[in-house]
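Close look at the chain arrangement
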Amino acid sequence: MLRTRRPLPFVRPPCPRVLAALSPALQQGQGPLAQLVRSGQLYCVFQPLADLREGTVYAHEALIRGPQGSPWHTPDVLLDMARQEHLLQDFELVCAYTALQGWGAARAAGRIFINISADALVQAVALCGADTLARTVRTFGVQPRMVVLEITEHERVSDMARLRQAVQCVHGAGMRLALDDFGDGRSSLRVWSEVKPDFVKIDKYFVRNISAQPQNLQMVQAIKSIAQVFGTTLVAEGIETPADLRALRDLDIAYGQGWLLGYPDIQPVGVLPAEALTALQDRRVAVLPQLAHQSARPGILRHVPVLQAPTLTPDTVNDTVAACFQNHENLHALAIVEDGRPVALINRQQFMTHYATLYFREVHGRKPCLGFANVQPRVVERDCDVEQLLGILTSQDQRYLSDGFIVTANGRYIGLGTGEQLVRTVTEARIEAARHANPLTFLPGNIPISLHITRLLENQVSFVACYADLNHFKPFNDQYGYWRGDEMIRLLARVITTHANAERDFVGHVGGDDFLVLFQSQDWLPRCQAIVEEFGQQARLLFDADAQAAGGIHAEDRYGVERFFPCTTVSVGAACIAPDQTLQAEDVANLAALAKHDAKHRALPIVVHESAQAPTPQSIATRSPAHLHCHGHAHGHAHAHSPIAPVLTAY
C-alpha cells in the first residue's frame, strides 16, 4: 500500500530555558546531533496503539526522527550519535520535550506514550521539580493523566532508589508508566517489580509469528501470568499479520502495536486500518499453535516411591551382605556406596545363589563384596526426564529388570528403584504426554482438544465438530502389520491437515485411528468431502497390487470368520454447534462421536447432525437406526420424531 508523504510539522527549537538546563556539551557542542537539536530539526511521528477488545485506537507512541533524506533520520542513528557525543540523557530529555510539543499541537484524542530511560527520568524529575512536574506538562497543552512515560533500558539502571522516588513523583503528577520491550534481555523483571508499571510492552521477538510458534505462545502466556501477579496491563509489540492479531486477541492481551495496526505518521490517526479491523471483528476463535512433541516434565521420579534400603561399602564382606539380605527379605538389591556416591549394585538372587554354593562361605565369606557386584549399575537422577528413562528401557543392557536401579539426588545416593517401577513410570509419563500431543502424528491430543472446544463455546461462535474414523482398518493392520498401519494413520493425519485451514480449523488426534476436527471455515463440508476423496485414493496405494486390483482383502472378522473387506476408507460424522447452545466440551465430543457412529453404521462417507443437542445417557444407550431418517447421497433433510434426535443429512 502506497503511503503519501505529509508535510513536516513546524518544530520550534528548545527554548533557551530548556537548553540552559541541559549540559554544556549540548549547548555548545559542534557534533551533528547537538546542532540538530539547537536548530530544531528533530520532530516526532506517532504510531497508534490499538485496543484489541474494542477495535479502536487507544493511544499513540511518539517516535523521534531527524531530517528526512539525511543520514540522521532514523532513531537508531540518532541514539548512536548521542552516545558518541556523550549526550544520551540530554538527547532523551529533548525527545520528551519534542513529543509533548508535537502532541500538544496535534490536539489528538487518547494517551501519548513517550520513551525515556530510567536515568533520564530521574534527571527530568530533578530538573522540573516534583511539585511542578504536572504544571510543566500542562504548559504543552497536554493533560498529565494522558501521558504514559515508557521506560526503556538502553543502559542499566544506575540508582534504583532514586528511580523509585522519581516513579512516585510521576504517579503523584497523575501520569502513568510503561516498561518497554520486556523480554529482549535488557528489560528486567527487577525493574518491573520495583517500578510496578501500569503497562508492560511485550518485545516483538515473542509476538511475531505467535500464531505458528508454540514457544512464543508459551512465553507470552508466561509473561501474562507475571502481569496478573503485578496487576499490569500488557501491550503486544510488532503485530504484522492478521493471524498474529487474532491469536493475541484470543489470549486476552489488552492492547497491541505494529505495522498491521498502523505505521508511524506525522499526524495521529482516529481509526485502525481496514485489514486490522477485519481481523479484530472476525469473532471466530484463533487456532493456537501446539507443541508437536511434549516430553513429560523433569523430575518425574519425585512422585515414585524410592526404597530406603541400607547400603554397603566397598570393604563390606560377603557374610555381612548375606546377613543383610536375610534380615531384609523384600530387598531385591543392595547398593555399594562410597562417600555418599553409588559405585556398584549387588543383585539379591544372583548373590544368594553364589552364597549357597559349596565352600563359598569358607572361601569368600570374609572377602570384600565388590567382587560379586555390578560395578556399572543403572543410576538415575531424581530430576531426570522421561526421555532418559526411555533410553534405559530401549538399551541393549536389560539388567535393570532384575537389578533395578539406584536413585540419586545431585549424584548422591538416596535409595533404590525396581525395574517394574521404571517401566510403570515411563508408561504413565508417555500416556500423560500423549494426552497433550499424540506421539504418532504429533497432533494435539485430548487435553488441547478439550481446551479448544471450551474456547469455542465460551466465545459463543458457530462451529462444526467432525469426527473422522477409518473403515476396515483392523483387517488392514492385521494383514500388513503395525508399521504399515501406523503409516495409514499418519496418511489420514496429513490429508486432514492439508484440507483444514490452519488459522481457522483445529485438528486433533483422539487416539488410534480417531481424529476430531473443529471447523470454523464456512466451506467445511467441501473440505470434508475432499478429505474423504483424497484419503480413499491415497489409502489404496498402501495395499499390495493384488488387493488394489480386487478392491480389498480377505481377512478374519471379529468373530473369526474369514470374509472380504474393501480397501480402507474414512467416515466423517459432523455435529453442527450453534452459538446459543449450552454445552460442555464433553458434550460436543459425544455429539460428533454419535454422528460418526451413524456414518459408519450406514456405510456412508459423511453424515451431518444439524441442530445438535447435548446427548443424554438415554440417547447414547438407545441410539439405533430407527431414530433417524436419512436421505441418500444428496442434500435431503429429514426431521426425526424423537426429541433427542437431530436433523440428519447424509452425503
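As a starting point, this report considers the structure included with it. (Residues numbered from 1 in each chain as written. Predicted model: local features only at pLDDT ≥ 70, side-chain atom pairs only at ≥ 80, totals over all residues. Heavy atoms only, no water.)

**As for the pairing of strand β14 (residues 412-417)**
Along any regular strand the residues' side chains alternate between the sheet's two faces. Spelled out, the test is: Only strands that DSSP links by at least two bridges are regarded as paired with each other. Only DSSP runs of H or I with at least four residues qualify as helices, and only runs of E with at least two residues qualify as strands; both kinds are numbered from the N terminus onward.
Across 5 bridges, strand β13 (residues 405-409) lies against β14 in antiparallel orientation. Note on β14: the bridge partner recorded for Phe405 is Gly417. Linkage of β13 to β14, two consecutive antiparallel strands, is achieved through a turn of 2 residues, within which Asn410 is found at a positive phi near 55°.

**Looking at a nonpolar patch on the surface**
Here is the rule we go by: To count toward a patch, a residue needs a relative accessible area over 30% and no salt bridge; like charges are then connected within 9 Å, while nonpolar side chains (Val, Leu, Ile, Met, Phe, Trp, Tyr) are connected within 5 Å. Note on areas: Shrake-Rupley, 1.4 Å probe, and residue coverage restricted to the protein chains presented here. Salt-bridge detection follows one rule: a side-chain nitrogen of Lys or Arg within 4 Å of a carboxyl oxygen of Asp or Glu. Type-normalised accessible area, obtained with a 1.4 Å probe on protein chains alone, sets the label of each residue: buried when under 20%, exposed when over 50%, and partly exposed for intermediate values.
A cluster of nonpolar side chains, contributed by Val343, Leu370 and Val375, occupies part of the molecular surface with about 210 Å² of accessible area. Positionally, Val343 belongs in strand β11 (residues 341-347). A residue is classified by how much of its surface remains accessible, and Val343, at 30% relative accessible area, is partly exposed.

**Focus: the sheet that holds strand β10 (residues 333-338)**
Test applied: Any two residues whose heavy atoms approach within 4.5 Å are treated as being in contact. All axes are obtained by fitting lines to C-alpha atoms, using only the stretch in contact for helices, and the reported angles, taken between N-to-C directions, cover 0 to 180 degrees.
Pairing is mixed across the open sheet formed by 3 strands, whose spatial order is β9-β10-β11. Two strands in the sheet have a free side with no partner beyond their single neighbour: β9 (311-312) and β11. As defined by bridge partners, β9 adjoins β10 across 2 bridges and the pair is classed as parallel. Paired with Leu312 across the bridge in β10 is Ile336. Lying on the sheet, helix α14 (residues 318-327) is in contact with β9, β10 and β11; it crosses β10 at an angle near 130°. Helix α15 (residues 348-355) rests against β10 and β11 of the sheet, and its axis sits at about 60° to β11.

**A short note on unusual backbone geometry**
The bulk of non-glycine residues show a negative phi, and the bulk of peptide bonds are trans. A positive phi angle is found at Asn209, which is not glycine, with a value near 65°. Residue placement: Asn209 occurs in the loop between α10 (204-207) and α11 (214-230). Taking the relative accessible area as the measure of exposure, Asn209 reaches 37% and is therefore partly exposed. A positive phi is found at Gln460, a non-glycine position, where the angle reads about 55°. Mapped onto the elements of the fold, Gln460 is located in the loop between α20 (446-458) and β15 (463-471).

**Points about the sheet that holds strand β2 (residues 56-65)**
Strand order around the closed barrel formed by 8 strands is β1-β2-β3-β4-β5-β6-β7-β8, with mixed pairing between neighbours. With 2 bridges connecting them, strand β7 (residues 233-236) and strand β8 (residues 255-256) associate as parallel partners. Pairing of Ala236 across the sheet is with Gly256, part of β8. Sheet strands touched by helix α6 (residues 118-128): β3 (111-117), β4 (147-152) and β5 (176-182). Its angle to β3, the strand with the most contacts, is close to 105°.

**Observations regarding the packing of helix α5 (residues 88-106) against α6**
Stated precisely, the cut-off is as follows: Angle categories: roughly parallel below 35 degrees, roughly antiparallel above 145, roughly perpendicular from 65 to 115, and oblique for all the rest. Working rule for handedness: look at the near helix, and if it is turned counterclockwise from the far one by less than a right angle, call the crossing left-handed; if clockwise, right-handed. Residue polarity follows a fixed list, in which Ala, Val, Leu, Ile, Met, Phe, Trp, Tyr, Cys and Pro are nonpolar, Asp, Glu, Lys and Arg are charged, and the others, Gly among them, are polar.
Where α5 meets α6, the closest approach of the two axes is 9 Å, and the angle between their N-to-C directions is 65°. With respect to their mutual orientation, α5 and α6 come out roughly perpendicular. Handedness of the α5/α6 crossing: right-handed. The residues of α6 that touch α5, namely those facing Gln89, Asp90, Glu92 and Leu93, are Asp119, Ala120, Gln123, Ala124 and Leu127. Tallied by class, the residues present in the contact of α5 with α6 amount to 4 nonpolar, 2 polar and 3 charged.

**Some thoughts on the packing of helix α12 (residues 242-250) against helix α13 (residues 274-281)**
Running from N to C, α12 and α13 cross one another at 40°; their axes reach a closest spacing of 9 Å. By the angle between their directions, the pair α12 and α13 is classed as oblique. As for how α12 packs across α13, the hand of that crossing is right-handed. For the pair α12 and α13, contact is made by Pro242, Leu245, Arg246 and Arg249 and by Glu275, Ala276, Ala279 and Leu280, respectively. Broken down by class, the residue content of the contact of α12 with α13 amounts to 5 nonpolar, no polar and 3 charged.

**Re the environment of Val220**
Assignment of secondary structure puts Val220 in helix α11. The spacing of Val220 and Ile210 is 10 residues in sequence and 8.7 Å in space, taken between C-alpha atoms. If we ignore the near neighbours within four places in the chain, the residues touching Val220 are Ile202, Phe206, Ile210, Leu251 and Ile253.

**Re helix α21 (residues 473-480)**
The condition that has to hold: Note that the arc is defined by the directions from the helix axis to the C-beta atoms.
The set of residues buried in α21 consists of Phe473, Pro475, Phe476 and Tyr480. The buried side chains of α21 occupy one side of the element, clustering within an arc of 165° when seen end-on. Buried positions along α21 lie against β15, α22 (482-499), α24 (545-550), β18 (552-556) and β19 (562-566). A positive backbone phi angle near 95° is found at Gly481, which sits one or two residues after α21.

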